[in-house]
Amino acid sequence: MSIYYNPIIETMPRAELEALQVRKLKELIAHLGNSRFYAEQFKEMGLGPESVHSLADLRKFRFTTKKHLRDAYPYGLLAVSKDECVRLHASSGTTGMATVILHTQEDIDHWADLMARSLYAAGVRRSDILQNTSGYGMFTGGLGIHYGSERLGCLTVPAGAGNTERQIKFMFDFGVTVAHIIPSYALYMASYLEKHGIDPKTLPLRIAVIGAEPHTEETRRKVEKLLDVKAYNSYGLSEMNGPGVAFECVHQTGMHLWEDAYIAEIIDPETGEPMPDGEVGELVLTTLDRRGMPLLRYRTRDLTRFIPGQCACGRTHRRIDRVLGRADDMLIIKGVNVYPMQIEQVLMSIEEVGENYVIEIYNDGIMDDLRVKVEVMSNHFVEDMRALRSLQQRITAKLKNEILFTPKVELVQHNSLPVSEGKAKRVVDLR
Ligand code: ADP
Ligand code: ZN
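We now turn to the structure provided with this report.

What counts as what
- Residues numbered from 1 in each chain as written.
- Chains lettered and ligands numbered in written order.
- Predicted model: local features only at pLDDT ≥ 70, side-chain atom pairs only at ≥ 80, totals over all residues.
- Heavy atoms only, no water.
- Helix = DSSP H or I, 4+ residues; strand = E, 2+ residues; numbered from the N terminus.
- Rg over C-alpha atoms; globule rule 2.2 N^0.38 Å.
- Contact = heavy atoms within 4.5 Å.
- Areas by Shrake-Rupley, 256 points an atom, 1.4 Å probe, with all protein chains shown as cover.
- Lys, Arg positive; Asp, Glu negative; His and termini not counted.
- Charge placed at Lys NZ, Arg CZ, Asp CG, Glu CD.
- Near = heavy atom within 4 Å.
- Polar contact = N/O pair within 3.5 Å; in protein donor to acceptor, adjacent residues only side chain to side chain.
- Donors = N, O, S within 2.8 Å, 3.2 Å for Na, K, Ca; no water.
- Tetrahedral: all angles 85-135°; square planar, octahedral: opposite > 155°, others 65-115°.

**Structural notes on the overall build of the protein**
- A tally of regular secondary structure across the protein gives 11 helices and 21 strands.
- For the protein, whose C-alpha radius of gyration is 22 Å, the value lies close to the compact-globule estimate of 22 Å for 431 residues.
- Seen through its principal axes, the protein has C-alpha atoms that stretch 75 × 55 × 40 Å.
- When contacts within the protein are restricted to residue pairs at least 6 apart in sequence, long-range pairs at least 24 apart make up 67% of them.
- Here the protein displays about 18600 Å² of accessible surface, and carbon together with sulfur accounts for 52% of that area.
- Positive and negative side-chain charges of the protein, numbering 52 and 57 respectively, have mean locations separated by a distance of 0 Å.

**A word on the site of ligand 1**
- The local shell around ligand 1 holds 20 residues, among which Ser92, Gly93, Thr94, Ser234 and Asp302 are the closest.
- At 3.1 Å from a nitrogen atom of ligand 1 is found a main-chain nitrogen or oxygen belonging to alanine 212.
- Glutamate 213 is positioned with one of its backbone polar atoms (N or O) 3.4 Å from a nitrogen atom of ligand 1.
- Out of a free accessible area of 560 Å², ligand 1 has 98% covered by protein chains.
- Broken down by element, the residue count for the shell around ligand 1 peaks at 5 residues, all from strand 7 (residues 230-237).

**Description of the coordination of the zinc ion (ligand 2)**
- Within the first shell, the zinc ion (ligand 2) binds the protein through Cys249 (SG), His256 (NE2), Cys311 (SG) and Cys313 (SG), at distances of 2.1 to 2.3 Å.
- Each of the 4 donor atoms bound to the zinc ion (ligand 2) contributes to angles spanning 100 to 119°, and the resulting shape is tetrahedral.
- Positions of the donor residues of the zinc ion (ligand 2) along the chain correspond to the pattern C-x6-H-x54-C-x1-C. Note that histidine 256 is positioned in strand 9 (residues 255-257) and cysteine 313 in the loop between strand 13 (306-307) and strand 14 (319-320), a separation of 57 residues in sequence.

What follows is the structure in structure tokens.
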């Protein structure tokens, strides 16, 4: 059995892959003439399909931003008539008003193919039974994963979000081998197993597909250990369909971004200029296969970098590093730039730390400061004040080492911090 879902596309030599991108980009620019938003822009700038000869010509065009999508809400960016569309999805609205994307039947088919290819790259096969623990509403992690799993031929269990007891019952009853689960919920599920004395080794699960929210390598390892699975990172955003944009293969060395379907750029978020290869910047994506609502040079706000070199799996599509967070996630405290992921990285590397934490930003009357509330695993939440005090000091010192100033660290009992359904809310601004 091939290790590739689509061997020709996945291992296409770079020169051919880039030629394919240029050809598709030309077609895209022609098609975008049907979108009032883009048509006006192209006219004003004197651009058209004839302006595209190489990938570098993409930079002649302007960026599309979340604000453009919000201003054009809901139908303003369509490139086909509404009658041709069969599906509408929205973003989770993590950073404000949700944006919507419409899909034609052809778009849905392409997306299912990309998703099937992604799952296959992570080692999922048609003999697997996949349980999807994402909400099945407007959120793309529901139907997006679902269609891909079915396309691959997996028996698919549309469990939906929440109700951990039922999720685990399904896993045992149906012999579920693959779960799609966001990392914060995976950790929550692990603590549920622990609390109820269920040995993760007795679960039939072998793979967890985790994504949709930033998480660190330490969190992945924790999920793998506590659920006794291999966990693979999955990246996507509703503006680019949803999951299936970039996915880890079994080597777990970054996520292959499917370059036959997207053109990826990494830019300096301040200047908009391309970053030198391998350096962190904002990911900008262009859809190559979408008919209903294609987007040109969409600024994702997500910070990542291209991983240099080739992957051992033989796929030629470049890999992106795990997403550090959104450009807007950066906190400036005491003049220092801090990303929440730096804090998570430290916390998840400490064995006594549980799965949940909250970063509070507050003002002490003079300046802004950080307080990190950390859950401690129940077997470590001992009565021994000295042991707790020393744990707190250890966490504080490690955090200081990473973020270069000393945050307040408060230890709290296991399962005492609020859990959100859907993406975790780790930062609370009390200012
Ligand atoms: P919203 O932007 O409202 O959360 P989406 O549901 O479309 O709406 O979520 C997409 C966003 O989720 C991405 O832009 C990114 O910030 C985050 N995301 C998705 N997958 C990952 C991942 N594997 N790692 C880190 N962040 C991710
Ligand atoms: Zn690979």
